[in-house]
Amino acid sequence: MAKIIAFTNKKGGVGKTTTAVNMAAYLAAFGKRTLLVDIDSQGNATTALGFTKSLLKKSVYNVLIDDDPVANNVVPTKVKLLDMLPANVDLTGAEVDIVYKRNRERILKDALDKVRGNYDYILIDCPPSLGLLTINAWVAADSVIIPLQSEYFALEGVSQLMNTISLVKQHLNPNLQIEGVVITLYDGRALIAKQITAEIKKFFKNKLYEIIIPRNVRLAEAPSHGLPIMLHDPKCIGARAYKALTEEFLSKQ
């Protein structure tokens, strides 16, 4: 039975998709049957694994809006044991379309529950917002991973994010937990980065992963090649960091 984890942050550009894609790839590399679900209308996770959104006829939109089974829309990736439920251009209007559906907060949960037995882990890449798509992910998930950039503005909005998660836990998903917090895009040369990291550690305590993801050119360019970093440049510092982060994650399961 799969553990479902939502990767979430209301702020964009914090390495959320990069973390979801690369942890999914390494989980598969470690022998875990993994499904990556892209519910961000930008579809960056879909692109990062080599799919052209405009050409996809199978997508998470069909699952959310047309009640089509997940199994009909999953596509295999270049990584053995890693499947994807991709996003395509249709997802842009999904937030509005979902409003009119019955049990609108539970659509994704009901759909993923039917395939939980097929995987060890299901990772959901959420939009950088607190709208209905993100709420669907949190209701479906057992836990959330929060990528945080070690910059001043990263701390802004964290309390609102935590309050919203708390509300979802209270009213929609009492089992939702904070799986962990990962610091991304870290520049060790900047004093402010070290100070912000210390503040994040003070706030999240033992929920903060020890492995920190550095700012890395190879990580940034990998999505343009449609590859996770383990296939693009497995020896670069970014690949080593995500491999170690995935190992740390698995050690806590």
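Refer to the structure above for everything that follows.
The text that follows walks through the structure, step by step, so that each part is easy to find.

### Digging into empty space enclosed by the protein
Then, in step 1: In the structure shown here, the tally under the stated rule is one cavity of 30 Å³ or more.
Then, in step 2: Of the pockets and cavities examined, the largest cavity occupies roughly 40 Å³.
Then, in step 3: Residue lining of the largest cavity: Asn9, Lys10, Lys11, Leu148, Ala154, Glu156, Gly157, Val158 and Leu161, and that is the complete set.
Then, in step 4: Per-class residue counts for the lining of the largest cavity are four nonpolar, two polar and three charged.

### Things to note about the environment of asparagine 206
Then, in step 1: By secondary structure assignment, the location of asparagine 206 is in the loop between helix 9 (191-204) and helix 10 (217-221).
Then, in step 2: Note on asparagine 206: relative accessible area 66%, which makes it exposed.
Then, in step 3: Linking asparagine 206 and valine 181, residues 25 residues apart in sequence, is a C-alpha distance of 9.2 Å.

### Overview of unusual backbone geometry
Then, in step 1: In this structure, leucine 81 is a non-glycine residue whose phi angle is positive, near 75°.
Then, in step 2: With respect to the element layout, leucine 81 can be found in the loop between strand 3 (75-76) and strand 4 (82-85).
Then, in step 3: Of note in this structure, lysine 205 is not a glycine but carries a positive phi near 50°.
Then, in step 4: Topologically, lysine 205 is positioned in the loop between helix 9 and helix 10.
Then, in step 5: Here lysine 205 falls in the exposed class, since its relative accessible area comes to 56%.

### Thoughts on the layout of surface pockets
Then, in step 1: Counted as a void, the largest pocket has a volume near 290 Å³.
Then, in step 2: What lines the largest pocket is a set of 21 residues, and nearest its centre among them are Gly15, Lys16, Thr17, Thr18 and Asn44.
Then, in step 3: Broken down by secondary-structure element, the contributors of at least two residues to the lining of the largest pocket are helix 1 (16-29) and helix 2 (44-48).
Then, in step 4: Ranked by the residues each element gives to the lining of the largest pocket, the list is headed by helix 1, at five residues.

### Things to note about the packing of helix 1 against helix 12 (residues 237-251)
When two helices pack together, their arrangement is given by the angle between the helix axes and the distance between those axes.
Then, in step 1: The contact between helix 1 and helix 12 brings their axes to 9 Å, and the two run at 70°. Considering the angle they form, helix 1 stands roughly perpendicular to helix 12. Taken as a pair, helix 1 and helix 12 cross one another with a handedness that is right-handed. Within the contact between the two elements, helix 1 uses Thr18, Thr19, Asn22, Met23, Tyr26 and Leu27 and helix 12 uses Ala239, Tyr242, Lys243, Leu245, Thr246, Phe249 and Leu250.

### Here we look at the packing of helix 6 (residues 132-140) against helix 8 (residues 158-171)
Then, in step 1: Close contact between helix 6 and helix 8 brings their axes to 10 Å; oriented N to C, the two are set at 55°. When the interaxial angle is binned, helix 6 and helix 8 end up oblique. In the crossing of helix 6 with helix 8, the sense of the turn from one axis to the other is right-handed. Residues Ile135, Trp138 and Val139 of helix 6 lie in contact with helix 8, whose contacting residues are Leu161, Thr164, Ile165 and Val168.
Then, in step 2: Split into classes, the residues belonging to the contact of helix 6 with helix 8 amount to six nonpolar, one polar and no charged.

### Points about the pairing of strand 7 (residues 177-184)
Then, in step 1: With respect to burial, strand 7 is a largely interior element, seven of its eight residues being buried.
Then, in step 2: Examined bridge by bridge, strand 6 (residues 143-149) and strand 7 share seven bridges and lie parallel to one another. Within strand 7, the position partnered with isoleucine 145 by the bridge is glycine 180.

### Points about the side chain of threonine 197
Then, in step 1: Note on placement: threonine 197 falls in helix 9.
Then, in step 2: Each residue touching threonine 197, except ones within four places of it in the same chain, is listed here: Ser150, Ile183, Tyr186 and Ile212.

Reading the values: the criteria
- Residues numbered from 1 in each chain as written.
- Predicted model: local features only at pLDDT ≥ 70, side-chain atom pairs only at ≥ 80, totals over all residues.
- Heavy atoms only, no water.
- 1 Å grid on protein atoms, 1.4 Å probe; cavity = no way out; pocket = protein on both sides within 12 Å on 5 of 7 lines; lining within 4 Å.
- Points joined across faces, edges and corners; volume = space filled by probe spheres on them.
- Nonpolar A, V, L, I, M, F, W, Y, C, P; charged D, E, K, R; others polar.
- Helix = DSSP H or I, 4+ residues; strand = E, 2+ residues; numbered from the N terminus.
- Buried < 20%, exposed > 50% of the residue type's maximum accessible area, 1.4 Å probe, protein only.
- Axes fitted to C-alpha atoms, helices over the stretch in contact; angles between N-to-C directions.
- Parallel < 35°, antiparallel > 145°, perpendicular 65-115°, else oblique.
- Left-handed = near helix turned anticlockwise from the far one by under 90°.
- Contact = heavy atoms within 4.5 Å.
- Pairing = 2+ DSSP bridges.

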